[in-house]
Every structure is written in C-alpha cells, then in structure tokens.
Amino acid sequence: MVFWWHLATQAFNTPNFLQAQGLYQIKPKLPYIPGMDVVGTVVDKGCDVSEAQLKIGDRVYCNTALCPYGGGGTGALAEVISISSSAVFPVPDQLHMSSVANLGRNYCAAYHSLKVIGNVGPDDLVLVDGASGGVGMATVELAKAMGAKVIAGVSNKDKGTLPGTLADKVLVYGRDRESYKQFKKEAKEACAELGHPQGASVIVDVVHGDLFQDALVSCIKPLGKICLVGFVAGQKPIKPGLLLIKEAMVVGSLWGRWARENPVAFRCNMNEILNFMVEGKIDGRADNIYSLDDYIKAFELFENNAGRGNTVICIEPNKSSCSRAKL
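A short tour of the structure in this document, coming up. Owing to the predicted nature of the structure, the values given are computational and were not obtained by experimental measurement. (Residues numbered from 1 in each chain as written. Predicted model: local features only at pLDDT ≥ 70, side-chain atom pairs only at ≥ 80, totals over all residues. Heavy atoms only, no water.)

1. Structural notes on the packing of aromatic side chains
Note on aromatic pairs: each is described by the distance of the centres and the angle between the planes.
Then step 1. A full pass over the atoms with the stated rule returns eight aromatic pairs.
Then step 2. Pairing Trp255 with Phe266 gives two aromatic rings, centres 5.3 Å apart and planes at 5°, and the pair type is stacked. On the criterion of sequence distance, the pair formed by Trp255 in helix α8 (residues 255-261) and Phe266 in helix α9 (residues 263-278) is long-range, its members being eleven residues apart. When sorted by exposure, Trp255 lands in the same class as Phe266, which is buried.
Then step 3. Aromatic ring contacts, followed pair by pair, group Phe12, Tyr295, Phe299 and Phe302 into a single cluster. (Phe/Tyr/Trp six-rings, centres within 6.5 Å; stacked < 30°, edge-to-face > 60°. Helix = DSSP H or I, 4+ residues; strand = E, 2+ residues; numbered from the N terminus. Buried < 20%, exposed > 50% of the residue type's maximum accessible area, 1.4 Å probe, protein only.)

Right under this line is the structure:
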C-alpha cells in the first residue's frame, strides 16, 4: 500500500547527523537522501488504500524507517515522497504539523524506553540524562504525563531551563569525572527526597561515556532498568561487577524493530502520544526552525552540540505548518 504526499515539515535530530557521517547504526547505501520523520498532506494514494485508512488532503505523520522495504529511515528531506501506508499516522486537527515532526526520533524513542521496556507508572521515579535534547526532553514530558517523578540531568546550568519547567529535580553532571562524582551524590539525595531511597526505577541514558559507569549505575534501584538510547559522549566498556552488585538490568532501546514486529501495539502507542499532545500533557515543540534552503544549518547545529529541544526543517514555510515553540 503506497501513497504520495506533499511534505510540510521534516524533523532533524542526532540520528540524522550521525547517519550523514556514517556513524549511525544503520548505514544507507550512497548516495542517499537524509530524513526519517516527516509531516505533510496526502496528495494521492494507491488503489488498495481505503478511504477509511487515508483520504486525499489528510494531514499525516510518517516515519520512513517503518516502511516494509526498509531504507533505515531515509528519503524524507524532499518536497514530495511516496511511502507505505503502514508507516503513516493521522495528525489530529488540533496540532500544528511542526509539533509532531519529531515524534519518531524523540517521543517514540522515549516512550519505548518508558512503557515497553520500563513499564513506568504512577509514582515511579525516572532519571534521564541529556535532558535538554530532543529524546531527553521527550522523556521528561512523557514520564510526567504517565504520572512518574523525574530527575533531569544536563551537562551545564544553561541547559536546565527547558527541562526545569517539568522535572521534579534538575541536576548538572558536567563533563569530567569529578563533576560526575558530585552528580552521583546529588542524584542519590534527590532520589531519597522524592521518596525512592533505593534509587530510580528507570534510567534513560542518551549520553553514556564515563557518566554511565561513574554515576548512572549507582543511581538505579535493585532490579531497576537502564535503557541505553544513545551515546553522544562516546561508547565505553560496561563493567559487569557493579551491575551484579546493583542487580541492575541494562537494555538497549531501539524502537524501530519492535514497531515493525508489533504494528498494532505500536499504533496504540502512537495514538497515546498524540492524545497526550491534544490534552496538553506534552508539548510537541519546534524549538529550532530552518527552511529547506538552510538545511545545512541544521547539520551544523548538531555538529556544534548546540541542539536544544526539537529541530525542524520547514519544507513549506507558512503559519499553518510551522509554529515555533514559546520558550
């Protein structure tokens, strides 16, 4: 089932940047067109796509990584694309197109860690590092929407503003071993203050590097889960001894394979995320907006580690499709 649609906004995030350098876990054949998450309007469709599924003119979100023919999530940085209907989800009328552009790379990644792996519920405690970035901020928002308490970790004070509006605690872990040690101390104290003296129920790690071994493992409760989502600070060997003592589970969190193998459950998750947005429990922001002509600036934003929140490339720049977040 294939249909064609005109694109309005395309999400840009760390995976796009890493993939362009050949550093992402899925490496497309060259040459390739970047782009994983997109929002647009249906302009045509295949004869096997019913009116009940999709209609011409519908506003939809798509993740190219969900297509049966694969591609690793590429091809969305364009004005018009053809795509499998299995990778498409209707966008509620109440939402700006730009607000849902980052669903896949950010919110789906966060929700997979919190719900599918972590089974987070009311009164659980979630600790997330990299909390000012796309996945980190989505984790903060979704965890709060699910009723959990949240400790947000950021690398410096300036990055604490955005997650600080929702998280129960915002702590700075810095960039060296000494600051990691201080973060560990403060995080353990925060866990106790929030009613979880044994540690966090779930840790969502998008940073890794030395922070994982020096601080994060010590902050998980017995039988708690650490979800590995990324490694922006590099990959370091994981020592099993501390995991054994902490009785901690470390799980790689990649939602794409699970979504393709569990399409009905994944569609339910997508609907839950979209409902959170409609109800105002999470705010699908567009914090950094670039035109298609300036797409290279989006790459440079991540190259310079200056990304905050959600970044969007506006294919069709108009007020109905692109709306910048109010910070």
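2. What to know about the side chain of Asn288
Then step 1. Among the secondary structure elements, Asn288 is positioned in strand β12 (residues 288-291).
Then step 2. Only 3.1 Å separates the side chain of Asn288 from the side chain of Thr311, close enough to count as a polar contact. (Polar contact = N/O pair within 3.5 Å; in protein donor to acceptor, adjacent residues only side chain to side chain.)

3. Comments concerning α9
Then step 1. Here α9 is 16 residues long and its end C-alpha atoms lie 22 Å apart, about the 22 Å a rise of 1.5 Å per residue gives.
Then step 2. Taken together, the buried positions of α9 are Phe266, Asn269, Met270, Ile273, Leu274, Phe276 and Met277. Around the axis of α9, the buried residues are gathered within 155° of arc, so they sit on the same side.
Then step 3. Where α9 is buried, its residues contact β3 (59-63), β5 (88-90), α2 (103-117), α3 (134-145) and α8. (Expected span 1.5 Å × (residues − 1). Arc of directions from axis to C-beta. Contact = heavy atoms within 4.5 Å.)

4. Observations regarding the pairing of strand β7 (residues 149-154)
Then step 1. Counting buried positions along β7 yields five of six residues, so the element is predominantly enclosed.
Then step 2. Here strand β6 (residues 125-128) runs beside β7; their pairing, made up of four bridges, is parallel. By the bridge assignment, Leu125 is partnered in β7 with Lys149.
Then step 3. Handedness of the β6-α3-β7 crossover: right-handed.
Then step 4. Examined bridge by bridge, β7 and strand β8 (residues 169-172) share four bridges and lie parallel to one another. (Pairing = 2+ DSSP bridges. Right-handed = clockwise from strand over helix to strand, strands pointing away.)

5. Some points on the sheet that holds strand β10 (residues 220-228)
Then step 1. Taken in spatial order, the six strands make up an open sheet running β8-β7-β6-β9-β10-β11, and their pairing is parallel. In this open sheet, the two strands that pair with only one neighbour each are β8 and β11 (249-252). Neighbour-to-neighbour, the strand axes of this sheet turn through a mean angle of 20°, independent of strand direction.
Then step 2. Sheet analysis places β10 next to β11, joined by four bridges and oriented parallel. In the sheet register, Leu228 faces β11, and the bridge partner there is Gly252.
Then step 3. Its contacts with the sheet put α2 on β6, β9 (200-205), β10 and β11, and the angle it makes with β10 is roughly 145°.
Then step 4. In the packing of helix α5 (residues 177-193) onto the sheet, the strands contacted are β6, β7, β8 and β9, and the crossing angle to β8 comes to about 170°. (Axes fitted to C-alpha atoms, helices over the stretch in contact; angles between N-to-C directions.)

6. A word on the side chain of Glu141
Then step 1. Tracing the chain through its elements places Glu141 in helix α3.
Then step 2. For Glu141, a relative accessible area of 2% corresponds to the buried category.
Then step 3. Those residues in contact with Glu141, other than ones at most four positions away along the chain, are Tyr107, Leu166, Lys281, Ile282, Asp283 and Arg285.

7. Here we look at the pattern of salt bridges
Then step 1. Using the criterion set out here, one finds eleven salt bridges in the structure.
Then step 2. Across the pair Lys149 and Asp123 runs a salt bridge, and its minimum N-O distance is 3.9 Å. One end of the pair, Lys149, is in strand β7; the other, Asp123, is in the loop between α2 and β6, with 26 residues separating them in the sequence.
Then step 3. Taking relative accessible area as the criterion, Asp123 reaches 53% and is therefore assigned exposed.
Then step 4. Note that Glu193 is salt-bridged to Lys169, the shortest N-O span being 2.7 Å. Placement of the pair is Glu193 in helix α5 and Lys169 in strand β8, with a sequence separation of 24 residues.
Then step 5. The class for Lys169 is partly exposed, based on a relative accessible area of 28%.
Then step 6. Each of the salt bridges in this network shares a partner with another, and the network as a whole consists of Arg177, Asp210 and Asp214. (Salt bridge = Lys/Arg side-chain N within 4 Å of Asp/Glu carboxyl O.)

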